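Structural features, examined
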Amino acid sequence: MDNVLPAREEANSSFNSINGRVALIQSSGKINNISITFDTLNDNLGNPKCVFWNFNLLDGLGGWDDEGCSLVVFKNKTVSCNCNHLTSFSILMSPKSPKNLPLDIITYIGVGISMASLVICLIIEAVIWRKIRRNTTSYLRHVSIVNIAVSLLIANIWFIVGAFISEADQANPPACSAAAFFIHFFYLSLFFWMLASALLLFYRTVSVFDGLSKTAMLAIGFSLGYGVPLIIATITIAVTAPKEEYIRDIEVCWLNWDESRALLAFVVPALLIVLINFIILVVVVYKMLRRRVGASAAQAAEKHVLVVIARCLAVLTPFFGLTWGLGVGIMIDPTNNGIHITFAFFNSLQGFFILVFGTLLDKKVRSELTSTSQTSQSRTASTSAGFSFSNLRIFRKLRPKRGSSSGLNVSSNASESQSFANT
């Protein structure tokens, strides 16, 4: 039947294959619903899609269409489908997102390292939080780093939740859609908070807008960091979910590509932010090289913060750009295991890079941690010494004086002693 009904669909892609017998069903009665179970022919293929032959596709040439058909379950090398009409049925399956042990190991170990790194980053920020408020630019930088870490941490948590949902025996599209929405939202928040950091660097270096207060800059940062991603994620799910084209079929809880191109709602903003950050970095480096070094301590502290922001963006921007550039490579060549493994490696270690280049390589952060540790140790030592000295004084008070006839301390003044002698 491959020669009669080839594996072409509306997208006319060459990645899919017919992986089940073609069932030709006819009924003399009126049937509104039909359920069919297929045995798969090739166990190496995944991402099953229940389809029927639509003679009207591709200008009358015909092709496989999934309208009115839905996947019920994919288990034990069988695929169960449900359709609301009768025609020629089969299943199309593709080798996208290959399931293999090395890829799973790299992904889960990497995500674990990333989440642990982000937790350490947030703990460090909490320890030094009071001391970073002295400089406005430093304060705003750390606000961005904290929100970048929080966004990526929550996105990783939802990634794990989505993985458990997609690997369950029974498909749960509503739960999978919810996981995809939050993953989409918080990954976008990560990139938009990076954009907020770049704009802060640009503002402090070039001084395009004068007179912005700390409150105004915080409002801009949170509106950009969470408001814009929420709008994009909401519009995406509102447009594609009613057509059941929001998430990918059963394979993973992530944005759809084949039918609706919903994945562009993440890829386009992310790569656009990477490009904008590159442009800002070029302008800022050019300005900083031409600017004379300030003589005052405040100017030196300001320059240090700007250098830290520039260095952080100079490392994280190409790293994130390379990571999601590999994601685009997966869309172009979904059968390439090397791209899948490389993408999983870079994507899962983002938290570690945020910890190192966003926090640990800042010498001010290290000095604040050192001073905090020394202060804590000195307080502990002072408390111990004070406790020992107090115990010593109490012991001396309780000890009887020499010459006393009893265990009690009997005291007398000089005048009393003189009167006794005269008597």
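Residues numbered from 1 in each chain as written. Predicted model: local features only at pLDDT ≥ 70, side-chain atom pairs only at ≥ 80, totals over all residues. Heavy atoms only, no water.

1. A few points about the pattern of salt bridges
- One pass over the full model with this rule turns up 2 salt bridges.
- The salt bridge involving Lys131 is made with Glu368; its shortest N-O contact spans 3.6 Å. Here the residue Lys131 occupies a position in the loop between helix H2 (101-128) and helix H3 (136-166), and Glu368 occupies one in helix H10 (residues 363-398), the gap between them amounting to 237 residues.
- What makes Lys131 partly exposed here is its relative accessible area of 26%. (Salt bridge = Lys/Arg side-chain N within 4 Å of Asp/Glu carboxyl O. Helix = DSSP H or I, 4+ residues; strand = E, 2+ residues; numbered from the N terminus. Buried < 20%, exposed > 50% of the residue type's maximum accessible area, 1.4 Å probe, protein only.)

2. Focus: the nonpolar core
- Counting residues in hydrophobic clusters, the biggest one holds 74 residues, and the most contacted among them are Tyr187, Leu190, Phe191, Leu201, Phe266, Phe320 and Ile354.
- Taken together, the elements giving at least two residues each to this core come down to H2, H3, helix H4 (173-206), helix H5 (214-240), helix H6 (264-290), helix H7 (297-332), helix H8 (337-348) and helix H9 (350-360).
- Sorting elements by how many residues they give to this core places H4 first, with 20 residues.
- In this structure Phe191 touches Phe266, Ala270, Ile273, Val274, Phe320 and Trp324, once residues within four positions along its chain are discounted.
- Within the second largest apolar cluster, 9 residues are counted, among which are Ile34, Phe52, Val79 and Cys81. (Core = buried A, V, L, I, M, F, W, Y, C linked by side-chain atoms within 4.5 Å. Contact = heavy atoms within 4.5 Å.)

3. Some details on the packing of aromatic side chains
- Within this structure, the stated rule accounts for 19 aromatic pairs.
- Both rings, one in Phe191 and one in Phe266, keep their centres 6.0 Å apart while their planes meet at 75 degrees; by these two values the pair is edge-to-face. Here Phe191, found in helix H4, pairs with Phe266, found in helix H6; they are 75 residues apart in sequence, far enough to count as distant.
- With a centroid separation of 5.1 Å and an interplanar angle of 85 degrees, the aromatic rings of Trp193 and Phe222 are classed as edge-to-face. With Trp193 in helix H4 and Phe222 in helix H5, this residue pair connects regions lying 29 residues apart in the sequence.
- Assessed through its relative accessible area of 2%, Trp193 is described here as buried.
- The exposure class of Phe222 is partly exposed, given its relative accessible area of 38%.
- Among the aromatic residues, those joined into a ring-pair cluster are Tyr187, Phe191, Trp254, Phe266, Phe319, Phe320, Phe345, Phe346, Phe352, Phe353 and Phe357.
- Positioned over the ring face of Tyr139 is Lys214, at 4.6 Å from the centre of the ring.
- Above the face of the Trp257 ring, Arg261 is positioned so that its terminal group lies 4.3 Å from the ring centre. (Phe/Tyr/Trp six-rings, centres within 6.5 Å; stacked < 30°, edge-to-face > 60°. Lys NZ or Arg CZ within 6 Å of the ring centre and 35° of its normal.)

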